[in-house]
Amino acid sequence: IMIKAKEQLITPTLLAEAYSYNEYTELVSGLVKNSGTTGMEQTASLINYTKLNFQRMKRIYKSTILDQHLVEVVRSIQKPVIWLVLVESWCGDVAQNLPVFARTSELSQNIDLRMILRDSHPDIMEAFLTNGGKAIPKLIMLDALQLASINTWGPRPARFQRMLMEYKANPQIPYE
């Protein structure tokens, strides 16, 4: 029942309103020019993070080199899929990962990469929590025809997520 409820949250209307990667970068560029950020909270620190993240996204997009095995796997995708990513402009993990998602999605015409703002879609975020938290980016992989969730990823690679959780559980132990 829970999976069906999740699937019903993601509708063709929602996807039509979601940002493409170019639209999202244009949104963030405009926020930087107007000293703003996504979300209701417009603090100086979040605005500054948005500015820093915009620069990071541009740099990472230009410098990303994808693993050859990943390239082969992505190019072998035969059925249309949607990669729906929950994002916010102030989030450093989004800035680090979203350009890689974009580069990866460009390898296959069967991948439609779309972004929605986490804080504008709390029902979807609640349906796809990571360990009970609203961590982003959260990539939801969908069958494009059924809009059924195939898998999810996020907010960071599993190895780094484990390291973060270990550190939070025992912050006095330094990582090398």
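Here is a short report on the structure shown in this document. (Residues numbered from 1 in each chain as written. Predicted model: local features only at pLDDT ≥ 70, side-chain atom pairs only at ≥ 80, totals over all residues. Heavy atoms only, no water.)

Observations concerning the overall build of the protein chain
Within the protein chain one finds eight helices and four strands. In sequence order, the secondary structure elements of the protein chain are arranged as α-α-α-α-α-β-α-β-α-β-β-α. Counting every position in the protein chain, which comprises 176 residues, the buried fraction comes to 39%. For the protein chain, the proportion of contacts with a sequence separation of at least 24, taken over those separated by at least 6, is 70%. (Helix = DSSP H or I, 4+ residues; strand = E, 2+ residues; numbered from the N terminus. Buried < 20%, exposed > 50% of the residue type's maximum accessible area, 1.4 Å probe, protein only. Contact = heavy atoms within 4.5 Å.)

Quick look at the packing of helix 4 (residues 44-63) against helix 6 (residues 92-105)
Where helix 4 contacts helix 6, the axes come no closer than 8 Å and their chain directions differ by 30°. Here helix 6 runs roughly parallel to helix 4, going by the angle between their axes. Relative to helix 6, the crossing made by helix 4 is right-handed. Residue-level inspection shows Asn53, Arg56, Met57, Ile60, Tyr61 and Lys62 of helix 4 in contact with helix 6, the latter providing Gly92, Ala95, Gln96, Leu98, Pro99, Val100, Ala102 and Arg103. The residue inventory of the contact of helix 4 with helix 6, partitioned by class, reads eight nonpolar, three polar and three charged. (Axes fitted to C-alpha atoms, helices over the stretch in contact; angles between N-to-C directions. Parallel < 35°, antiparallel > 145°, perpendicular 65-115°, else oblique. Left-handed = near helix turned anticlockwise from the far one by under 90°. Nonpolar A, V, L, I, M, F, W, Y, C, P; charged D, E, K, R; others polar.)

Examining the side chain of threonine 25
Locating threonine 25 in the fold gives a position in helix 3 (residues 21-33). Reaching out from threonine 25, the side chain makes a polar contact with the backbone oxygen of asparagine 22 at a distance of 2.9 Å. (Polar contact = N/O pair within 3.5 Å; in protein donor to acceptor, adjacent residues only side chain to side chain.)

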